[in-house]
Amino acid sequence: MARSFRYWVAALSMLCAGMAGCDDDGGGNGNGDTGGDAADVQQDADTGAGDAVDDADTGDVERTDCDPLMETACSLPWPSNLYLAEDSGTETGFRLSFGARSLPQNSQGRNIDPEPWRRLDGYGVSTPIIVHFDNLDVSDMPDELHVADSLADDARVLLYSENEDGDLERVPYWVELDRTADLSEAIVLYIRPAVLLHAATRYVVALRNLNEVGGAEIEPSDAFAALLDGSAEGTLAERQEVFDAIFADLEAAGVTLADLDLAWDFTTASYDTMHGNLVAMRDDALNVVGPSGPSMTVTEVIEYAPTADDSGLEVNEHIGLELRGTFTVPHYMQEDPDRAGAYLMNVDANGDVVQNGTYEPRFWIRIPHSALDGEGTPHGIIPYGHGLNGEGSQVRGGFNSKIAADHGYIFYATDWHGMSEEDVSNILVVAGELGTFPWISDRMHQGVLNFILLGRAMEGTFQSLPEVTDRGIVVDNDRHFYSGISQGGIYGATLAAVSNDITRAHLGVPGQNYSLLLNRSVDFEPFFAVVAFAYRRAVDQAIGLAVIQSLWDSVDPGSWYRRLTEFPIAGNDPTHVLLAPAKGDYQVATVSNIIVARSGIGVEVMENYG
């Protein structure tokens, strides 16, 4: 749901007050350390040279912060296995390990703190692939309307996945230049996978026979040329064995190495590191609250009359009763000591998420007149997921009321904590300090969990409330479905995949992969203004949004769609969803739904949409 201009002006005015160091010129690395001169750090990022650092925690003897394969920005090409350190304790055998200066630096001289990304054993499956070549001619590369051309024998960009036999298989994609960049800036090229990537999988990217606009050939960087001909020296030579394997794989796939301008590989994270915390929270919380779910406290009862009468009640032709209140749930967050109202995952010394007391989110429940007929007619239950940075009160929409009355359902809702109205001020701070992104991704775990727990309460505790029993309301637990629109249509896929109780879901104007959605959404414009103010170079903005996507994938449906029916969580039944996009949607890009449909996981897009 779009916000008013006045709302965003007021929200943006809070930004400097919330951003650490907004009014100073200090450097720093996001941890409160000074971290050296900001100009020197930026120069390293511009040259791609980097500094050697000791990274004993990950088992590396020596590695560099920056990748010399592409000098435009420190961490290009993105994503790269350069930043995966060996770790035998993970499914992929790696762990993400960026250097202190690998990730973009904001205008306050603070690089994105890499520590939160160490929890992952690869990149999120929704990560964009990003490169930069000056004045690149993309006229004969496939756009989103010509994805089939990406599999042509002479395609200039090649994207492969490694199968179980170790062979490379082509993956469809499209390309697009960064539309947010000024023509005077370095304009990056996005390579967008046209299907959902698989977890714990190695991918290889190759670009060949590239030209500038006007026809001049593009030459590979000195670093890549050295790896290609085996003449790499110094730290770069330590990567020769890895690249020799890449070149051998490409040759086996029929690629002529002499044509290459760039090639590299990356590995996606496992479901364990992407989804393990949310599943662990769900299992622990359901054990804590028991089979009837959490306790519920009704704080407000609103009755409606179906037509005007002498009762003095407000008229609502569909809804007869609304209950508002709170429910008590296990809390798995801890407040960030540096910012009141911002929350991070509460973990123990082993990194396992653990309960941190309880708290009381809000609920709204809407009951149609048909459930108050005195005959005990059973009604199904439907949680409603609200729109962008909204609140659960949006369940009160007239369309939900009509569905409830026409088809015999009780609607209920809570807030998507992490991306609800109360989180907006924190989200604006995150836009200017992307290293604080766990404030969103961590707390969204609790937001999804709250929906699960409220659903369990609706199947149990709710039905023993005096406000319910005194009115003869009967609930049909076998008809427990989901409906959400916009943000609710997006995160509804995540909720449906992780919930033990919901097996069918309506996803209205849905999407997936926020790193894809943001640049296509008018709703992102106020936030992007903050990102652009804090990260002045367009290339850093592009990389920054790509960086946070790997953490976002812990809750982003781009990583959860395959878990609906293809790889359900152990013990969960397959869950079926109906995608109902809006043609020409300028808030939630319909192309993201086409990616889901093209992935062959049993989800189809409605005809004439997209």
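Predicted model, so just to flag it, every value in this text is computed and none were measured. (Residues numbered from 1 in each chain as written. Predicted model: local features only at pLDDT ≥ 70, side-chain atom pairs only at ≥ 80, totals over all residues. Heavy atoms only, no water.)

On the surface, Glu164, Asp165, Asp167 and Glu169 cluster together into a patch of negative charge. The topology assignment puts Glu169 in strand S7 (residues 168-170). (Patch = residues over 30% accessible without salt bridge, like charges linked within 9 Å, V, L, I, M, F, W, Y side chains within 5 Å. Areas by Shrake-Rupley, 256 points an atom, 1.4 Å probe, with all protein chains shown as cover. Salt bridge = Lys/Arg side-chain N within 4 Å of Asp/Glu carboxyl O. Lys, Arg positive; Asp, Glu negative; His and termini not counted. Charge placed at Lys NZ, Arg CZ, Asp CG, Glu CD. Helix = DSSP H or I, 4+ residues; strand = E, 2+ residues; numbered from the N terminus.)

This next bit is on the state of the cysteines. If you walk through the whole model with that rule in mind, you get one disulfide. Here Cys66 connects covalently by a disulfide to Cys74, the sulfurs 1.9 Å from one another. Looking down the S-S bond of the Cys66 and Cys74 bridge, the torsion is -100°, so its handedness is left-handed. Residue Cys66 is classed as buried on the basis of its relative accessible area, which comes to 1%. Classification of Cys74 by relative accessible area gives buried; the value is 4%. (Disulfide = S-S within 2.5 Å. Buried < 20%, exposed > 50% of the residue type's maximum accessible area, 1.4 Å probe, protein only.)

This part is about the packing of aromatic side chains. As enumerated under the stated definition, the model contains 18 aromatic pairs in all. Note on Phe243 and Phe247: the rings are 6.1 Å apart at their centroids and 55° apart in plane angle, and the pair reads as tilted. You can see Phe243 and its partner Phe247 sitting in helix H6 (residues 240-252), four residues apart, about one turn around the helix. As far as the burial class goes, Phe243 and Phe247 line up, both buried. (Phe/Tyr/Trp six-rings, centres within 6.5 Å; stacked < 30°, edge-to-face > 60°.)

Our focus in this paragraph is the nonpolar core. Trp78, Leu207, Leu250, Met296, Ile365, Phe462 and Tyr561 are the most contacted members of the largest nonpolar core, which has 166 residues in total. Ranked by residue count, the leading element in this core is helix H10 (residues 438-459), at 11 residues. Non-local contacts of Leu207, meaning those with residues more than four positions away in its chain, are made with Val131, Phe133, Arg156, Val157, Ile191, Asp259, Leu260, Asp261, Leu262 and Trp264. If you look at the next biggest cluster of nonpolar residues, it comprises 12 residues, including Tyr304, Ile382, Phe411 and Ala413. (Core = buried A, V, L, I, M, F, W, Y, C linked by side-chain atoms within 4.5 Å. Contact = heavy atoms within 4.5 Å.)

Moving on: empty space enclosed by the protein. The full count for this structure, using the stated rule, is five cavities of 30 Å³ or more. Estimated volume of the largest cavity: approximately 350 Å³. Lining the largest cavity are 25 residues, with Met419, Tyr514, Leu518, Phe524 and Trp552 sitting closest to its centre. Of the residues assigned to the lining of the largest cavity, the class counts are 19 nonpolar, five polar and one charged. By residue class, the composition of the lining of the second largest cavity is eight nonpolar, four polar and one charged. (1 Å grid on protein atoms, 1.4 Å probe; cavity = no way out; pocket = protein on both sides within 12 Å on 5 of 7 lines; lining within 4 Å. Points joined across faces, edges and corners; volume = space filled by probe spheres on them. Nonpolar A, V, L, I, M, F, W, Y, C, P; charged D, E, K, R; others polar.)

Tracing the sequence through the fold places Ser221 in the loop between strand S10 (202-208) and helix H4 (222-229). Within the local environment of Ser221, its side chain forms a polar contact with the backbone oxygen of Leu69, the two atoms lying 2.8 Å apart. Discounting residues that sit within four places of it in the chain, Ser221 has contacts with Pro68 and Leu69. (Polar contact = N/O pair within 3.5 Å; in protein donor to acceptor, adjacent residues only side chain to side chain.)

The relative placement of two packed helices comes down to the angle between their axes together with the axis-to-axis distance. At their nearest, the axes of H10 and helix H12 (residues 487-498) sit 10 Å apart, and the two run at 60° to each other. The pairing of H10 with H12 is recorded here as oblique in orientation. Both H10 and H12 take part in a crossing whose hand is right-handed. Facing Met444, Val448, Phe451 and Ile452 of H10, the residues of H12 in contact are Tyr491, Thr494, Leu495 and Val498. When the residues that make up the contact of H10 with H12 are grouped by side-chain class, the tally is seven nonpolar, one polar and no charged. (Axes fitted to C-alpha atoms, helices over the stretch in contact; angles between N-to-C directions. Parallel < 35°, antiparallel > 145°, perpendicular 65-115°, else oblique. Left-handed = near helix turned anticlockwise from the far one by under 90°.)

Between its first and last C-alpha, H12 extends 17 Å over 12 residues, near the 16 Å set by a 1.5 Å rise per residue. In terms of residue burial, H12 counts as a mostly covered element, since 12 of its 12 residues are buried. Looking only at H12, the buried set comprises Gln487, Gly488, Gly489, Ile490, Tyr491, Gly492, Ala493, Thr494, Leu495, Ala496, Ala497 and Val498. (Expected span 1.5 Å × (residues − 1).)

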